[in-house]
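The lines below spell out each chain.
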Amino acid sequence: MPAASTTLRMLAVSVIASLTVTGCQTFEDAGVAMGRSDLVNDLAARLDRALELTYSADYQLPGGQRAAIVQAQDPARSTYTYPGGQLTVTPEAITRCATTAARPQCTLITPPTPGSKPTVTLFGEANQQGLVTPPVVVGLLTAAALDPQAVIRQSDTTVAGHHAACVAVQSSSSGDFTACVTTEGVLGSFTGPVDGKPMDLALSNYSATVDEGAFDPPAGADVVDRRPGGS
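Figured I'd write up the structure that's included with this text. Here the residue numbers are simple positions, counted from 1 along each chain's written sequence. For a predicted model such as this one, the threshold for reporting local features is a pLDDT of at least 70, and the threshold for listing and counting side-chain atom pairs is 80 or more; totals across whole chains, interfaces and linings nevertheless cover every residue. The side-chain figures draw on all heavy atoms in the structure; neither hydrogens nor water molecules are used.

### Describing the overall build of the protein chain
From N to C terminus, the protein chain includes 4 helices and 14 strands. Sorting the 231 residues of the protein chain into buried and exposed places 48% on the buried side. Throughout, a residue-residue contact means that at least one pair of heavy atoms, one from each residue, lies within 4.5 Å. By sequence separation, contacts in the protein chain at least 24 residues apart represent 54% of the contacts at least 6 residues apart. Helix and strand assignments follow DSSP, with helices taken as H or I runs no shorter than four residues and strands as E runs no shorter than two, numbered in order from the N terminus. Each residue is placed in one exposure class: buried if its accessible area under a 1.4 Å probe, protein chains only, is under 20% of its type's maximum, exposed if it is over 50%, and partly exposed if it falls in between.

Structure (structure tokens):
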């Protein structure tokens, strides 16, 4: 399982387990009350189900910039493309690429041990460049759910033609943010700070198919293999 999938699954379990201990806080939207644990459990379950999917998701960022998440199965692998870079996680390697120069520069490092829990810092560069990843969103939801002073409001919307459930969070621990997750379990949109940086992205296109070349380094890239035994 790729790092993104392992991290997300671990965080989803953490959310549900923590809420079992801390109990529920009720919030209202359009006269409908929902327990805090019900909401987080539903969103975590959607994201968890999406780990079994093969899909491509394109995102619109501020200033006309774009980003993408591509995920496939058998074997499980994922790639995150964002302004200036690309992160790919496969059973063979984690590949980080800087694409700002005329010739992309890529580095291969050892992937996480199967079943281990990679740190969310793996996605730090993607976050800084505007692509907040699903594991990071789950982490923010976890922090908000554990904050007894957090105000969480639920709503529904349509993103790129897909129905999505949304939460608007006001929390001193995680900050104020809004996140939407589609029925398929794909991150639909996110607005709010991540590591102090304002983030704003929205799904612009979703497909249940992928281009197998999405998991390869960019064409013409210089590749340095830093795995044990690599060249």
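### Here's the deal with the packing of aromatic side chains
Note on aromatic pairs: each is described by the distance of the centres and the angle between the planes. When two rings of Phe, Tyr or Trp (its six-membered ring) have centres within 6.5 Å they constitute a pair, described as stacked for plane angles under 30 degrees, edge-to-face for angles over 60, and tilted for the intermediate range. If you walk through the whole model with that rule in mind, you get 2 aromatic pairs. With centroids separated by 5.6 Å and ring planes inclined at 20°, the aromatic side chains of phenylalanine 177 and phenylalanine 190 adopt a geometry described as stacked. Of the two residues, phenylalanine 177 is situated in strand E11 (residues 177-182) and phenylalanine 190 in strand E12 (residues 187-194); the sequence distance between them amounts to 13 residues. Per residue, the accessibility class of phenylalanine 177 equals that of phenylalanine 190, and both read buried. By definition, being over a ring means that NZ of Lys or CZ of Arg is both within 6 Å of the ring centre and within 35 degrees of the ring normal. The residue whose ring lies beneath arginine 77 is phenylalanine 215, and the NZ or CZ to ring-centre distance is 4.9 Å.

### Some remarks on the pairing of strand E13 (residues 197-207)
As paired strands, strand E3 (residues 55-60) and E13 are joined by 5 bridges and run antiparallel to one another. Note on E13: the bridge partner recorded for serine 56 is serine 207. DSSP-based pairing: two strands are paired if at least 2 bridges between them are found. As paired elements, E12 and E13 share 6 bridges and run antiparallel to each other. By the bridge assignment, phenylalanine 190 is partnered in E13 with leucine 201. The antiparallel hairpin formed by E12 and E13 contains 2 residues in its connecting segment, where aspartate 195 sits at a positive phi of about 55°.

### Some remarks on the side chain of serine 171
Checked against the element boundaries, serine 171 lands in the loop between strand E10 (162-170) and E11. For serine 171, a relative accessible area of 7% corresponds to the buried category. Excluding residues that lie within four positions of it along the chain, serine 171 makes contacts with Ala144, Asp147, Ala150 and Asp176.

### Considerations on the environment of lysine 197
In this fold, lysine 197 is placed in strand E13. The class for lysine 197 is partly exposed, based on a relative accessible area of 28%. A sequence separation of 67 residues divides lysine 197 from glycine 130, and the C-alpha atoms of the two residues are 8.5 Å apart. With sequence-adjacent residues up to four places away left out, lysine 197 is seen in contact with Asn127, Gln128, Gln129, Gly130 and Gly192.

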